[in-house]
Amino acid sequence: MAVRILTLVGSLRSGSHNRRLAEAAVQIAPEHVEVGLFEGLDTVPFYNEDLDAEGTVPAPAARLREAAAEADALLLVSPEYNGTIPAVLKNAIDWLSRPYGAGALSGKPVAVVGTAFGQYGGVWAQDEARKAVKIAGGAVAEDLTLSIPSSVVRFADLHPVDDPEVTEKLSGVVEGLAARVAATV
């Protein structure tokens, strides 16, 4: 049985470098790993406890929770917006953290990667995402990281899947997540 990794992308732009990085993870996954890209984070309403009652959870949030619950691990791919995590990704973490102590993130291996225009590749946003996931109950894989700087230049004419350095490091993250899952089974 394949290890299932759900990928959430913090950028909503269809051609974003982070979305392309997520697509690369799907393409380079080894045979025993199935990496899926969640579509529809833009339709998930902002977390509101009034909406989060049995039988009234908005369909997009319920679909997100279901997809995360069915996954063995999560890969978050985050750009950096004003030095922090994009709201859409933080919102997804909020929905996945509930119900408290039993959310879809609870105990699940999670890695955070990304690319950004700046010289540090979005490390602040990635650190914020790891912090939020850890508080939400996820098992953050602190050693599985990938921060790619200068995305606008590096990926101007090159898809991340065609960059040998990126694919090697991204493969290490995907395989590391799969190994974490295997170690808990």
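Residues numbered from 1 in each chain as written. Predicted model: local features only at pLDDT ≥ 70, side-chain atom pairs only at ≥ 80, totals over all residues. Heavy atoms only, no water.

Undergrad: An account of the nonpolar core is requested, with residue identities and associated values reported.
TA: Membership of the largest hydrophobic core comes to 28 residues, with the highest contact counts inside it found for Leu-8, Leu-64, Leu-74, Leu-76, Ile-93 and Leu-96. Going through the elements one at a time, strand E1 (3-9), helix H2 (59-70), strand E3 (73-77), helix H3 (87-96), strand E4 (109-115) and helix H4 (123-135) are the ones with two or more residues in this core. Take this core: its biggest share by element is six residues, from H3. In terms of nonpolar packing, the next biggest core, distinct from the first, is built from 27 residues, Ala-25, Val-33, Val-113 and Leu-146 among them. (Core = buried A, V, L, I, M, F, W, Y, C linked by side-chain atoms within 4.5 Å. Buried < 20%, exposed > 50% of the residue type's maximum accessible area, 1.4 Å probe, protein only. Helix = DSSP H or I, 4+ residues; strand = E, 2+ residues; numbered from the N terminus.)

Undergrad: Summarise the layout of surface pockets; cite the residues concerned and give the values.
TA: By volume, the largest pocket amounts to about 240 Å³. What lines the largest pocket is a set of 16 residues, among which Ser-97, Ala-132, Ile-135, Ala-136 and Gly-137 lie closest to the centre. Examining the composition of the lining of the largest pocket, we find that four residues originate from one element, H4, more than from any other. (1 Å grid on protein atoms, 1.4 Å probe; cavity = no way out; pocket = protein on both sides within 12 Å on 5 of 7 lines; lining within 4 Å. Points joined across faces, edges and corners; volume = space filled by probe spheres on them.)

Undergrad: How would you sum up the pattern of salt bridges? Please name residues and give values.
TA: In this structure the tally under the stated criterion is 11 salt bridges. Taking the shortest distance from any N to any O, the salt bridge between Arg-180 and Asp-143 comes out at 2.6 Å. A residue pair is termed long-range when its members are at least 10 positions apart, and Arg-180 in helix H6 (residues 164-184) and Asp-143 in strand E5 (residues 139-148) qualify at 37 residues. Under the relative-accessibility criterion, Arg-180 is labelled partly exposed at 31%. Overlapping salt bridges bring together Arg-154, Asp-163, Glu-165 and Lys-169 as one network. (Salt bridge = Lys/Arg side-chain N within 4 Å of Asp/Glu carboxyl O.)

Undergrad: Quick one: what's the story with the sheet that holds E1, residue by residue and with numbers?
TA: Ordered by their spatial adjacency, five strands build an open sheet running E2-E1-E3-E4-E5, and the pairing between neighbours is parallel. What marks the edges here is a single partner per strand, and that holds for strand E2 (33-37) and E5. With direction set aside, neighbouring strand axes in the sheet form an average angle of 20°. Sheet topology places E3 next to E4; four bridges connect them, and they run parallel. Residue pairing in the sheet places Val-77 in a bridge with Val-113 of E4. Taken strand by strand, H3 contacts E1 and E3, and its axis lies near 160° from that of E3. (Pairing = 2+ DSSP bridges. Axes fitted to C-alpha atoms, helices over the stretch in contact; angles between N-to-C directions. Contact = heavy atoms within 4.5 Å.)

Undergrad: Tell me about a nonpolar patch on the surface, residues and numbers included.
TA: Together, Phe-117, Val-152 and Val-153 line one region of the surface with nonpolar side chains, adding up to about 320 Å² of accessible area. On the secondary structure map, Val-152 appears in helix H5 (residues 151-154). (Patch = residues over 30% accessible without salt bridge, like charges linked within 9 Å, V, L, I, M, F, W, Y side chains within 5 Å. Areas by Shrake-Rupley, 256 points an atom, 1.4 Å probe, with all protein chains shown as cover.)

Undergrad: Could you give an account of the packing of aromatic side chains, naming the residues involved and the relevant values?
TA: By the definition in use, this model includes one aromatic pair. Centre to centre, the rings of Tyr-47 and Trp-95 are 4.7 Å apart; their planes meet at 75°, and the pair counts as edge-to-face. Pair noted here: Tyr-47 is in the loop between E2 and H2 and Trp-95 is in helix H3, with a separation of 48 residues, a long-range link. (Phe/Tyr/Trp six-rings, centres within 6.5 Å; stacked < 30°, edge-to-face > 60°.)

Undergrad: Quick rundown of the environment of Leu-177? Include the residues and the values.
TA: Among the structural elements, Leu-177 can be located in helix H6. C-alpha of Leu-177 to C-alpha of Lys-134: the two residues are 43 residues apart in sequence and 16 Å apart in space.

Undergrad: Just give me the short version of H4, but keep the residues and values in it.
TA: For H4, which comprises 13 residues, the first-to-last C-alpha distance of 18 Å matches the rise-based estimate of 18 Å (1.5 Å per residue) to within 8%. For H4, the set of buried residues is Ala-125, Gln-126, Ala-129, Arg-130, Ala-132 and Val-133. Relative to the axis of H4, the buried residues are bounded by an arc of 165° and lie together on one face. The outward face of H4, more than 90 degrees from its buried face, is lined by the exposed residues Trp-124 and Ile-135. In this structure, the buried residues of H4 make contact with E3, H3, E4 and E5. Phi for Gly-137, located one or two positions after H4, is positive at around 105°. (Expected span 1.5 Å × (residues − 1). Arc of directions from axis to C-beta.)

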